[in-house]
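What the coordinates show
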Amino acid sequence: MASSSASTRRRHAAGVGEWAAVSGAGAWRVEAAGKHQLMRRTGLPARDIRALDPALSYPSSIMGRDRAVVVNLERVRAVITATEVLVPGPRDPAVEPLVLELHARLAATASPQVSLSLVELMKEEGAALSPGHGRGGGGGKGGEGLGRDKVLPFEFRALEVCLEFACKSLEQETCTLEEEAYPALDELSSKVSTLNLERVRQIKSRLVAISGRVQKVRDELEHLLDDEVDMAAMHLSEKLAYQSADGYSSRFGVDNEPSELGDERYRKLIAKGEGGSSEVGYGNGTSAATGFTPKIDELEILLESYFVQIDGTLNKLSTLREYVDDTEDYINIMLDDKQNQLLQMGIMLSTGTLVVSCGIAVTGVFGMNITIPLYTSATDGVFWQVTGGIAGATAAVYLVALLCYRRSGILQ
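Below you will find a few notes about this structure. All figures in this text were calculated on a predicted structure; none of them were measured in a lab. Numbers given for residues are sequential positions, taken from 1 along each chain in its written order. The predicted nature of this model means local features are confined to residues of pLDDT at least 70 and side-chain atom pairs, given and counted, to a pLDDT of 80 or more, with totals for whole chains, interfaces and linings taken over all residues. Excluded from the side-chain calculations are hydrogens and water; all other atoms, namely the structure's heavy atoms, are used.

All right, on to the packing of aromatic side chains then. What counts as a ring pair is set by centres within 6.5 Å for rings of Phe, Tyr and Trp (its six-membered ring), and what kind of pair is set by the plane angle: stacked under 30 degrees, edge-to-face over 60, tilted for all other angles. Under the criterion given, the structure shown has one aromatic pair. The interplanar angle of 65 degrees and the centroid separation of 5.0 Å between the aromatic rings of Y182 and Y323 together place this pair among those described as edge-to-face. Residue Y182 is located in helix α7 (residues 154–190), and its partner Y323 is located in helix α13 (residues 297–366); the two are separated by 141 residues in the primary sequence. Accessible area is worked out with a 1.4 Å probe on protein chains only. A residue is then buried under 20% of its type maximum, exposed over 50%, and partly exposed in between. Overall, the relative accessible area of 25% leaves Y182 in the partly exposed class. Y323 sits in the partly exposed class, given a relative accessible area of 29%. A helix here means a DSSP run of H or I that spans at least four residues, while a strand means a run of E at least two residues long, and both kinds are numbered starting from the N terminus.

Below, the structure is given as C-alpha cells:
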C-alpha cells in the first residue's frame, strides 16, 4: 500500500496522469501518460493538454488540430485521433460513464472495411488529381465514390458520443431542475414563507449556473458551424488517407515535437491562401497548397443536430427563467398589496387615535377644579348626556375624516 501511494505521488510530481485509451474497435485500457508523451503521441501543443486538466477552468471548446481533435465540453474532456480516443481521469465517477459509452458505441460501430474502403477511395481520388485532370473533376468523383451509405469516420463517431454525452448531461440536469422548480414556484405563489423563499432562491442560483454552462456549449457549436476551416481540420481520417495515398508527409511526421505557435501559423497561412491556392484547406496543420479540400457536409449535419438539441435545452431554461420572473413579479405584487393594506390600516388607526385624543382633551377640561354654572345646577342625568355627547362627537369626526380620505383617494 505504501509503495503504491509513493508511486502515485511520484507520477503526480512528474505530471503523469491516468488516461483511458479507447481504440477504433471499442477496446479500451487505462494508461499512465505524461504531458510530453501525449504531445508526441497526438501532436498537440502544451496549451491544449492543459485545457483538459480538470483542476483548471477553461471555456468550452472543440478544437481541430493537425492529428487530433480536442474536446472540452463541461465534464466531457477527450482527445480524439484518427485511431483512438484519450480520456483523462477514467476512474472519476463523473468520467467513467463517458468511457463506458465510448467503449459500447465504438465497439458497436467498428467496421474495418470502412477504413480500407476510405483509403482506397482516397487513392482513387489522388489518381484522379493527376496533372491531366482538373481539380474540380477529381473532387466530384471523390464525392460520388464515398457513397450515401458510408459509415462516419472514427473521429466523427467519437465526437458524436462526446457531444451526445454532454448534451444529455445538461438535458438531464435541466429536467431535474424543472421537476423541482415548478412545484416550488407554485407553492410559493400560494403561500409566501421563509422556507419557500429559500427553496426558490436556491433553484434560481442553479438555474443561472446551468444556463451559463448550456450557453457556453451552444456558443461553441455555433462558432464551429460558422468556421469551415475549423470543421475541415477535424477530418482526421480523410487527411490521413490522403496523405498515405498522395505520399504527403505531415509536419509532425519528421518532427514529433509540436510547437506552441505552429497551429496558429498554419491557420494564418491558409487564411492567406499560401501557394496561390484559392481553396479552403485544413485550418490547423494542412497547408492549402496541398489542394485537398474535404467535404464538411457530414460534420456540419452532425454538429447542427446537437446544436438544435442544446438550443432546445437552452429554450427550456429560458422558459423556466421566465416562469421564475413571473412568479417573482406576482410575489412582489402580493407584497405591495399587503403593504398598501397595512398602510391604510395605519392611517385609520392614526386617525382614530387623534380623534380619541381630542375627546380625552375635552374630558380633561371638564375634570379641572374650576367653578362653572354646570357644577351648581341639578346633576340628574347630566353625566350621561355629556359622556354621550363627547363619544358621539368623536365618532362623527372619525367618520368625516374617513369620508375625506376616500374622496381624496388615500383610502380605497
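This part is about helix α2 (residues 35–42). Listed in full, the buried residues belonging to α2 are L38, M39 and T42. Along α2, the residues classed as buried sweep out an arc of 105 degrees about the axis, all on the same side. Just beyond α2, the residue with positive phi is G43, at close to 75 degrees. The arc in question is the one spanned by the directions pointing from the helix axis to the C-beta atoms.

Within strand β5 (residues 76–80), five of the five residues are buried, which leaves the element mostly enclosed by the surrounding structure. The side-chain alternation of β5 yields two buried faces, one formed by V76, A78 and I80 and the other by R77 and V79. A strand pair is defined by DSSP finding two or more bridges across the two strands. Relative to β5, strand β4 (residues 69–73) runs antiparallel, the two sharing five bridges. For L73, the partnering residue across the bridge sits in β5 and is V76. Counted along the chain from β4 to the antiparallel partner β5, the turn is two residues long, and its residue E74 has a positive phi close to 55 degrees.

Our next topic: unusual backbone geometry. Most peptide bonds are trans, and most residues other than glycine sit at a negative phi. In this structure, E74 is a non-glycine residue whose phi angle is positive, near 55 degrees. Within the element layout of this structure, E74 appears in the loop between β4 and β5.

This next bit is on a nonpolar patch on the surface. Every patch collects residues that have over 30% relative accessible area and no salt bridge, joining them within 9 Å if they carry like charges and within 5 Å if they are nonpolar side chains (Val, Leu, Ile, Met, Phe, Trp, Tyr). Only the protein chains shown count as cover for residues, and the accessible areas themselves come from Shrake-Rupley with a 1.4 Å probe. We define a salt bridge as a contact between a side-chain nitrogen of Lys or Arg and a carboxyl oxygen of Asp or Glu at a distance within 4 Å. Taken together, the side chains of W28, V30 and L100 present a nonpolar region at the surface, about 250 Å² in accessible area. Here L100 shows up in helix α4 (residues 96–109).

Here the focus is the pairing of strand β3 (residues 61–64). Burial along β3 is two-sided: S61 and M63 facing one way and I62 and G64 facing the other are all buried. Bridge count for β3 against β4 is four bridges, and the pairing is antiparallel. Looking at β4, one finds that G64 is bridged to V69. Counted along the chain from β3 to the antiparallel partner β4, the turn is four residues long.

The next point concerns the environment of E164. In this structure, E164 sits in helix α7. Looking at E164, the relative accessible area reads 14%, which means it is buried. Considering only alpha carbons, one finds E164 and I310, 146 residues apart in sequence, at a separation of 9.8 Å. Note on contacts: a residue pair qualifies if any of its non-hydrogen atoms lie within 4.5 Å across the two residues. Beyond its immediate stretch of four places on either side in the chain, E164 contacts R105 and Y306.

With that settled, the discussion passes to the packing of α13 against helix α15 (residues 382–408). Orientation is described by axes fitted as lines to C-alpha atoms, over the contacting stretch for helices, and by angles from 0 to 180 degrees between their N-to-C directions. Where α13 meets α15, the closest approach of the two axes is 10 Å, and the angle between their N-to-C directions is 150 degrees. Judged by the angle between their axes, α13 and α15 are roughly antiparallel. α13 and α15 meet at a crossing whose hand is right-handed. Contact with α13, carried on its side by I347, M348, T351, G352, V355, V356, G359, V362, T363 and F366, involves V386, I390, T394, V397, Y398, A401, L402 and Y405 of α15 and no other residues of that element. If an angle is under 35 degrees, it is roughly parallel; if it is over 145, roughly antiparallel; if it lies from 65 to 115, roughly perpendicular; otherwise it is oblique. Handedness of a crossing follows from how the near helix is turned relative to the far one, being left-handed for an anticlockwise turn of less than a right angle and right-handed for a clockwise one.

Where charged atoms from two side chains of opposite charge come close, those side chains can pair. All told, the structure shown has 19 salt bridges when counted by the stated rule. In this structure, the salt-bridge partner of E31 is R41, at a minimum N-O distance of 2.6 Å. One end of the pair, E31, is in strand β2 (residues 28–34); the other, R41, is in helix α2, with 10 residues separating them in the sequence. Classification of R41 as partly exposed rests on a relative accessible area of 29%.

In this section: the environment of E228. Mapped onto the secondary structure, E228 falls in helix α9 (residues 228–233). Distance from E228 to K295, taken between C-alpha atoms, is 9.9 Å for residues 67 residues apart in sequence.

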